Amino acid sequence: MSNDSKTTRITEPAAIESRSMEIINEELRARGARFASDNRELVILRRVIHTTADFDFADNLTFVNSATDAGVSALAQGSPIVTDTNMAKAGISRPALVRLGSSAHCFVADPDVAEAAREAQTTRAVMAMRKALRLHPDAILAVGNAPTALFELCEHLRAGAQPALVIAVPVGFVNVVEAKEETLALCKELGVPAIVARGRKGGSTVATAIANALLYEATRTK
């Protein structure tokens, strides 16, 4: 390795993140991204791309019904976040949650959820979503793994459920696209704020990235 390449190495964490965001901004401008530079949607998008290094999210991440403002407002008032995986929950910033008086929950591994899923012969994600809506009807719901959780959510939306925000970003091949499209269409129709990653891409890390971006924005307003 040459001395020149050593001098360009960045090792300080804040500097790494700063340079990463500069690169993301440069590439988004080159792509003609549709987001304004001071838009909260851009803040969310950049955090997702920073997490995934995937610029396809510039095309497939979709926001409806003032989703970012709704999410930031809900968190500023202490609304909880409910995830469909403990992996997503573990990645959510605890200091930001504490500062806002918020909390993060995941019910998929709860014994009562597992038992209910066995009895109903369905997925734990379905029963976890039912529990989430029962215990935290005004929560931000972040789904990064289970399309069955979104199908269950859609049934509750039709019945009048009003979560503060839906983050619909599961990854995969079976039922994933269909679940996200149904959720997106229904949220549009019913006026429910939603952030949806259309297509196959997404995941728990994407759900966490979006939740954290909203949390950081909310702490800026406190």
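Residues numbered from 1 in each chain as written. Predicted model: local features only at pLDDT ≥ 70, side-chain atom pairs only at ≥ 80, totals over all residues. Heavy atoms only, no water.

1. Structural notes on the overall build of the chain
Along the chain, the regular secondary structure elements total 12 helices and 6 strands. A globule of 222 residues ought to have a C-alpha radius of gyration of about 17 Å, and the chain, at 18 Å, matches this closely. Overall size of the chain, expressed as C-alpha extent along the three principal axes, is 65 × 35 × 30 Å. Residue burial in the chain is summarised as follows: out of 222 residues, 50% are buried. (Helix = DSSP H or I, 4+ residues; strand = E, 2+ residues; numbered from the N terminus. Rg over C-alpha atoms; globule rule 2.2 N^0.38 Å. Buried < 20%, exposed > 50% of the residue type's maximum accessible area, 1.4 Å probe, protein only.)

2. Details of the environment of V177
Note that V177 resides in helix α11 (residues 176-190). Taking relative accessible area as the criterion, V177 reaches 32% and is therefore assigned partly exposed. V177 sits 35 residues away from A142 along the chain, and the two C-alpha atoms are 16 Å apart. When residues no more than four places from it in sequence are discounted, the contact partners of V177 are G199 and R200. (Contact = heavy atoms within 4.5 Å.)

3. Focus on the pattern of salt bridges
Applying the stated criterion across every chain, the model contains 16 salt bridges. Note that R40 is salt-bridged to E217, the shortest N-O span being 3.4 Å. Taken as a pair, R40 in helix α3 (residues 40-52) and E217 in helix α12 (residues 204-221) lie far apart in primary sequence, 177 residues in all. A salt bridge links E155 to R158, with the nearest nitrogen and oxygen atoms 3.1 Å apart. With E155 and R158 both in helix α10 (residues 147-158) and 3 residues apart, this pair spans about one turn of that helix. Look at R158 and you get partly exposed, because its relative accessible area is 45%. (Salt bridge = Lys/Arg side-chain N within 4 Å of Asp/Glu carboxyl O.)

4. Details of α12
When the terminal C-alpha atoms of α12 are compared, their 26 Å separation across 18 residues agrees well with the 26 Å that a helix rising 1.5 Å per residue should span. The buried fraction of α12 amounts to 14 of the 18 residues, a majority that puts the element mostly inside the structure. (Expected span 1.5 Å × (residues − 1).)

5. Overview of unusual backbone geometry
Backbone geometry at A53 places phi at a positive 55 degrees, although glycine is not the residue there. Relative to the helices and strands, A53 resides in the loop between α3 and α4 (57-60). Of note, N175 is a non-glycine position whose phi angle comes to about 70 degrees, a positive value. Relative to the elements of secondary structure, N175 occurs in the loop between β5 (165-168) and α11. For N175, a relative accessible area of 35% puts it in the partly exposed group.

6. A look at the pairing of strand β6 (residues 194-197)
Here β6 shows a buried face lined by A194 and V196 and a second buried face lined by I195 and A197. Bridging between β5 and β6 involves 3 bridges; their strand directions are parallel. From the neighbouring strand, A168 faces β6, where its bridge partner is V196. Taken together, β5, α11 and β6 form a β-α-β motif whose crossover is right-handed. (Pairing = 2+ DSSP bridges. Right-handed = clockwise from strand over helix to strand, strands pointing away.)

7. Some remarks on the sheet that holds strand β4 (residues 140-143)
Taken in spatial order, the 6 strands make up an open sheet running β1-β6-β5-β4-β2-β3, and their pairing is mixed. A strand with exactly one partner marks an edge of an open sheet, and here the two such strands are β1 (61-64) and β3 (104-106). The sheet shows a mean angle of 15 degrees between the axes of neighbouring strands, taken without regard to direction. In the packing of α12 onto the sheet, contacts are made with β1, β2 (81-83), β4, β5 and β6, and the angle to β5 comes to roughly 145 degrees. (Axes fitted to C-alpha atoms, helices over the stretch in contact; angles between N-to-C directions.)

8. Observations regarding the packing of α10 against α11
Following both chains from N to C, one finds α10 and α11 inclined at 25 degrees, their axes separated by 9 Å at the closest point. Relative to α11, the element α10 lies roughly parallel. Considering the relative orientation of α10 and α11, their crossing is left-handed. Two secondary-structure elements touch here, α10 through P147, L150, F151, C154, L157 and R158 and α11 through V176, E178, A179, K180, E182, T183, L186, C187 and L190. Class assignment of the residues belonging to the contact of α10 with α11 gives a composition of 10 nonpolar, 1 polar and 4 charged. (Parallel < 35°, antiparallel > 145°, perpendicular 65-115°, else oblique. Left-handed = near helix turned anticlockwise from the far one by under 90°. Nonpolar A, V, L, I, M, F, W, Y, C, P; charged D, E, K, R; others polar.)

9. Comments concerning the nonpolar core
Membership of the largest hydrophobic core comes to 40 residues, with the highest contact counts inside it found for L61, I81 and I210. When residues of this core are assigned to their parent elements, the largest contribution, 9 residues, is made by α12. Counting residues in each nonpolar core, the second largest holds 32 residues, with V113, A128, V192 and V196 among its members. (Core = buried A, V, L, I, M, F, W, Y, C linked by side-chain atoms within 4.5 Å.)

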